[in-house]
Every structure is written in C-alpha cells, then in structure tokens.
Amino acid sequence: MFYYYLLCSLISISLSVNGYEVTLEQNGPIVIGGTINFWAKINGGNYPQYKYTWTDIKRSLKESFTSKLPVNEWNLTYTKGKDSVGTYVVELEVCEHTVFIYWPCTKHQTIFNVTEDINGNIEFIQNSTVQNSDYVSNHTEVVHNISIKNPDIAFLEDNNFTAVAFWFLNCSYYGMSSDLVFRYNYTAADEDTTVKAVVVAAKLNETLNLTDAFSDKPGVEGSWKGGNVSTSVLSPWPDGSCEDSYIPKDPDKYYGYFHRVIKPRRPIQVLEVKGNNWLKNGDLLDLTLTFNGSPPYLHCIKFITGEYNATGNETCIHPTETPPQINVIHYFGTGEKHTVLFIIGNNVSRKVTAVVVTNYIAKKHAQLSVIIVPISFTALAVILIVFGVAYYIQSKKRYTIEVANFDFSASNDTEYKSFKDRLREAMSSAFTRVTEEESEEGPYWSPSRKPAKNAVQFENSDTDSQDSN
C-alpha cells in the first residue's frame, strides 16, 4: 500500500509540472523519391532528459530517441516504385524522464503529401521584391520565377537531374527557359492573365555541376539558376489544349505544373494639388488633390505640426475608400507651419504626398471708409473755409466802395473814414460849406444839395454867418 501511494504521489507531481508545449514542423510536400524533414521543439520544459518517439502511421515505421536537448529531428525517404504517392501522417510522442520512468507523455501529429510531380509555386517579382499578392504594376517588368520546394531541389540535385520550364500566358506559348525564369511587361492594365508553366526534369549524360545550377538557402524556397534558353522549342502540348492532363509523360522524367492568375493594375499617380497653402491666421485650409490609377483607392490624411519630409514608408492605420479626388478642409489653430500628409494606395502602389501649409498673422489695416470719410470731410471743410474767406473779402471790398462813393463833397480825398466820420463831416459841410467856384448862373451846389424851386439862395452863407457873428 505504501508503494502504491508513493507511485500515485510521483505521478501527481509529474502531472502538475507538465506545463510545456511541443512544436512540430515539417517541410513537405515532397516529390516521390525525395526526403522529408521533421523538427520537434519543446517550449517550457524543465526536465533532465526527454524521449522522442516518431511513427509513420501509414507505413507502421517507428523510431525512438532519448536526448537531453529540447529539440529533435527526424527524416523520412519515400522511394519511387516502392512507396506510393498520397497523404501520410507522422506522430510524435514526447515523454519526460521522472525518477524511474518517462512520464507523462504528450502526442502530436502532422499531415503531409507525397506527390508525383515537382512541388513549388510561381513568384511575381518587381523591383527585386516578391509580390505578396496577384496584383502587379503595369509600369514595371514582371519577373516570373518558379520557386521549387527545398526537398525536391535536394532530390533533383542528388539524382543528377536538370530542368527546363515552358511558359504560357492564357494558353499562348511564350517560350522556354532553363533558369525557370520568365520576364514580361503587362502594358494592358485591368486585364487578368493566367500564367502557366510546365517544368520538365530529366537526367543528362553530360557532366553538369548541379550545385551551381540550384540555389538552396535554409528557410527559403530555392530557385533554378542559369541562362535563358532559345524559345524555338516546341510546346509540350502536341494538341495545343493547354491542359495538364494531356501532356504525354515519360516515366524517367519528373514534371511540375504551376499556374497563377496575374492582375496588372495602374499605380497611383498624383496629378495636381489645388488650393492656397498660405493662410492668414484664422482662415480655413481648402485643398484638393487629384490623382489616377486603378481602383479601388484607399487613403488617409495626417496633420503634422511643423514641416515634415515624407519618406514614402508612411502607412495608414484605418484607411478609407475614396474617389480619385480628395478634398480636405481643416482649421489650424496656432503655429506657423503645418504639414498635410496624403497617403493614397491601391493594390499595386502607395503614394505619399506632403503639402506644407504656412499660417501667418496679417497686419491689421484701417478700413478704407475710415480713411476716406475724414479726408473727404476735411477737404470739404477747407474748401468751404476758403470760399467763405474769399466771399467775405469780396463782399468787404464791395462794401468799402459803396461807403467811398457816399461822398457829399465830391472830394478826391482817398483817406479812409468810417461811416460815422463821414456822416459827421457831411453834416458839418452842409452848414459850413464854402463855395469854391461861382458861375454865371449862381453858386455851385452838390447834386444832393440843390435848392428847391423858388427858394432863396445865399452866397457864402457860411462865411457871412461867421462874419455876422
């Protein structure tokens, strides 16, 4: 009973510390005759020793390894003529060594295919960059490259095979290449094209250094290297049907069939930016950016304080769909310079356009009416004053002449006398006038003092009066 409880306690302890994870990877599928690799990695384990048990369930093949390392690798080869093509399952069991036994254990499985044909895919490369989608720019040449799986490249190298590729666009034959590369420029945009390639690998009697003919980098699918071959070779489809099933196969050769739809599109091109980027403080920014390219278009706008130099690597977190014309109205509060960043993209390109906006404070000028009205009224007042003074002077002159003409003695004396003086003098002269001249008709009288008809006239009345006195 004691040993029973001891075993149960050990099992309980082992189960409680089983907190690790096992990652199982493989590099399939593989062509028949090739070798597939499996990798196991333990994450979070803390045991002195592990036991790895690999099992090919379909072929009932099992193999075990013990190791102190948390990683393990297993390789399987499937021979042509002995093993069949199809789907296989490999199971991995990992156990930790606890006291006297390996316990507990965990199991993982992985599924892969063994194929009759060479495995790989067609890559579209533009500007030395592998495109992640089927969309390409119609402004740049496209490099079509057949990337063969690493296990198949290793098999072809080890068995002295060389390969050529036949290229078709919409079932039209475009030639053959020994480097598995095809270059073409799709000038017509928005027209999808089906790209198909047939790879034929055969043994050569002549000496060929296949190490130089292939490129096999760890973790990266390999690609065939070499020069282009003349396009005068006939298509592998005798009937021109463009169907893989109609290609006559040689049992001593290996074949690969690859196809992919390519979608050429026009990249984004900014045509113009309209609007005033010099703003008085308080004015609204109103910009319109026009561009073209293949839709759909996604964009976002960023407002940056200060002057910003775009790198072209800016991205949008939440882009929105837009027509090929973007209008932005924005108010800048403070600050002299701001940058409006337009980020526009479609399926084949991204365009970043920066517009620097200068926000300035305008000098305040008085309104025109405030200037004109006072000047006008001042000028009018001056004119009125001038005319008033002139009129006053002219009127005064006329007044003086009238006063001067009021001369009872017909004297030529031009001395200025006031009206009061002249009146007093005139009254005095009326009573004390001395006759300066006498005519035959009698004494001379001023026209205003002519005696009345039948009146008595006296000569020198003033003198006589004085004498009599």
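Just so you know, these numbers come straight off a predicted model, no measurement behind them.

1. Some remarks on the state of the cysteines
- Counting across every chain of the model gives two disulfides.
- Paired by a disulfide, cysteine 95 and cysteine 105 hold their sulfur atoms 1.8 Å apart. The S-S bond linking cysteine 95 to cysteine 105 shows a torsion near 110°; that makes this disulfide right-handed. Of this pair, cysteine 95 sits in strand S7 (residues 86-98) while cysteine 105 sits in strand S8 (residues 101-115), and the two are 10 residues apart along the sequence.
- With a relative accessible area of 5%, cysteine 95 lands in the buried category.
- Sulfur-sulfur distance for the disulfide between cysteine 300 and cysteine 316 comes to 1.9 Å. As the torsion about the S-S bond is roughly -80°, the cysteine 300-cysteine 316 disulfide counts as left-handed.

2. Let's talk about the pairing of strand S23 (residues 297-305)
- In terms of strand pairing, S23 meets strand S24 (residues 320-322) through three bridges, oriented antiparallel. Bridging across to S24, tyrosine 297 finds its partner in threonine 322.
- Summarising the sheet, S23 and strand S26 (residues 337-345) pair through eight bridges and their orientation is antiparallel. Note that in S26 the partner of histidine 299 across the bridge is isoleucine 344.

3. Some details on the packing of aromatic side chains
- All chains considered together, the criterion is met by 21 aromatic pairs.
- Pairing phenylalanine 155 with tyrosine 254 gives two aromatic rings, centres 5.2 Å apart and planes at 75°, and the pair type is edge-to-face. Here phenylalanine 155 is found in helix H2 (residues 150-158), whereas its partner tyrosine 254 is found in strand S19 (residues 254-265), with 99 residues between them in sequence. Of the two residues, phenylalanine 155 and tyrosine 254, both sit in the buried class.
- Aromatic side chains phenylalanine 166 and tyrosine 173 sit 6.4 Å apart centroid to centroid with 35° between the ring planes, which places their arrangement in the tilted category.
- By relative accessible area, phenylalanine 166 is classed as buried at 7%.
- Judged by relative accessible area, tyrosine 173 falls into the partly exposed class, the value being 27%.
- Through a chain of ring-to-ring contacts, the aromatic side chains of Phe38, Trp54, Trp74, Tyr78, Tyr88 and Phe112 assemble into a single cluster.
- Directly above the aromatic system of tyrosine 88 lies the positively charged group of lysine 58, at a separation of 4.4 Å from the ring centroid.
- Here arginine 59 stacks its cationic end above the ring of tyrosine 78, 3.9 Å away from the centre of that ring.

4. Regarding the confidence of the model for the protein chain
- Averaged over every residue, the pLDDT of the protein chain is 78; residues scoring 70 or more account for 72%.
- In the predicted structure, residues 206-235 sits below a pLDDT of 50 and forms 70 contacts with residues beyond four places in sequence or in another chain.
- Across residues 452-469 the pLDDT falls below 50, and counting only partners more than four positions away or on other chains, this stretch makes 14 contacts in the model.

5. Re the pattern of salt bridges
- Using the criterion set out here, one finds nine salt bridges in the structure.
- As a salt-bridge pair, glutamate 93 and lysine 107 come within 3.9 Å of each other at their nearest N and O atoms. Separated by 14 residues along the polypeptide, glutamate 93 in strand S7 and lysine 107 in strand S8 bring together distant segments of the chain.
- Taking the relative accessible area as the measure of exposure, glutamate 93 reaches 23% and is therefore partly exposed.
- The class for lysine 107 is exposed, based on a relative accessible area of 52%.

6. Some words on the layout of surface pockets
- Here the second largest pocket defines a volume of roughly 360 Å³.
- What lines the second largest pocket is a set of 15 residues, and nearest its centre among them are Gln126, Gln131, Asn347, Val348 and Ser349.
- Counting only elements with at least two residues in the lining of the second largest pocket, the list comes to strand S10 (129-130) and strand S11 (135-137).
- Split into classes, the residues belonging to the lining of the second largest pocket amount to four nonpolar, 11 polar and no charged.

7. A short note on the sheet that holds strand S1 (residues 21-26)
- With respect to topology, three strands assemble into an open sheet ordered S1-S3-S6, the strand pairing being antiparallel. Since the sheet does not close on itself, it has two edges, and those belong to S1 and strand S6 (71-77), each with one partner. Strand-to-strand, the axes of this sheet are offset by a mean angle of 15°, without reference to chain direction.
- Inspection of the sheet shows strand S3 (residues 35-43) paired to S6 by seven bridges, in the antiparallel sense. Within the sheet, the bridge partner assigned to phenylalanine 38 lies in S6 and is tryptophan 74.

8. Comments concerning the pairing of strand S27 (residues 350-360)
- In the sheet, strand S21 (residues 278-280) pairs with S27 via three bridges, with the strands oriented parallel. Pairing of lysine 280 across the sheet is with tyrosine 360, part of S27.
- Bridging between S26 and S27 involves nine bridges; their strand directions are antiparallel. Considered in S27, the bridge of valine 340 is made with valine 355.
- Between S26 and S27, which pair antiparallel one after the other, the connecting turn spans four residues.

9. Details of the sheet that holds strand S20 (residues 269-274)
- Taken in spatial order, the three strands make up an open sheet running S20-S22-S25, and their pairing is antiparallel. Both edges of this open sheet fall to S20 and strand S25 (325-331), since each of them pairs with a single strand only. Between one strand and the next, the sheet's axes are offset by a mean angle of 20°, whatever the strand orientation.
- For strand S22 (residues 284-292) and S25, the ladder comprises seven bridges, and the chain directions are antiparallel. Note on S25: the bridge partner recorded for leucine 284 is tyrosine 331.

The rules we used
Residues numbered from 1 in each chain as written. Predicted model: local features only at pLDDT ≥ 70, side-chain atom pairs only at ≥ 80, totals over all residues. Heavy atoms only, no water. Disulfide = S-S within 2.5 Å. Helix = DSSP H or I, 4+ residues; strand = E, 2+ residues; numbered from the N terminus. Buried < 20%, exposed > 50% of the residue type's maximum accessible area, 1.4 Å probe, protein only. Pairing = 2+ DSSP bridges. Phe/Tyr/Trp six-rings, centres within 6.5 Å; stacked < 30°, edge-to-face > 60°. Lys NZ or Arg CZ within 6 Å of the ring centre and 35° of its normal. pLDDT = per-residue confidence, 0-100. Contact = heavy atoms within 4.5 Å. Salt bridge = Lys/Arg side-chain N within 4 Å of Asp/Glu carboxyl O. 1 Å grid on protein atoms, 1.4 Å probe; cavity = no way out; pocket = protein on both sides within 12 Å on 5 of 7 lines; lining within 4 Å. Points joined across faces, edges and corners; volume = space filled by probe spheres on them. Nonpolar A, V, L, I, M, F, W, Y, C, P; charged D, E, K, R; others polar. Axes fitted to C-alpha atoms, helices over the stretch in contact; angles between N-to-C directions.

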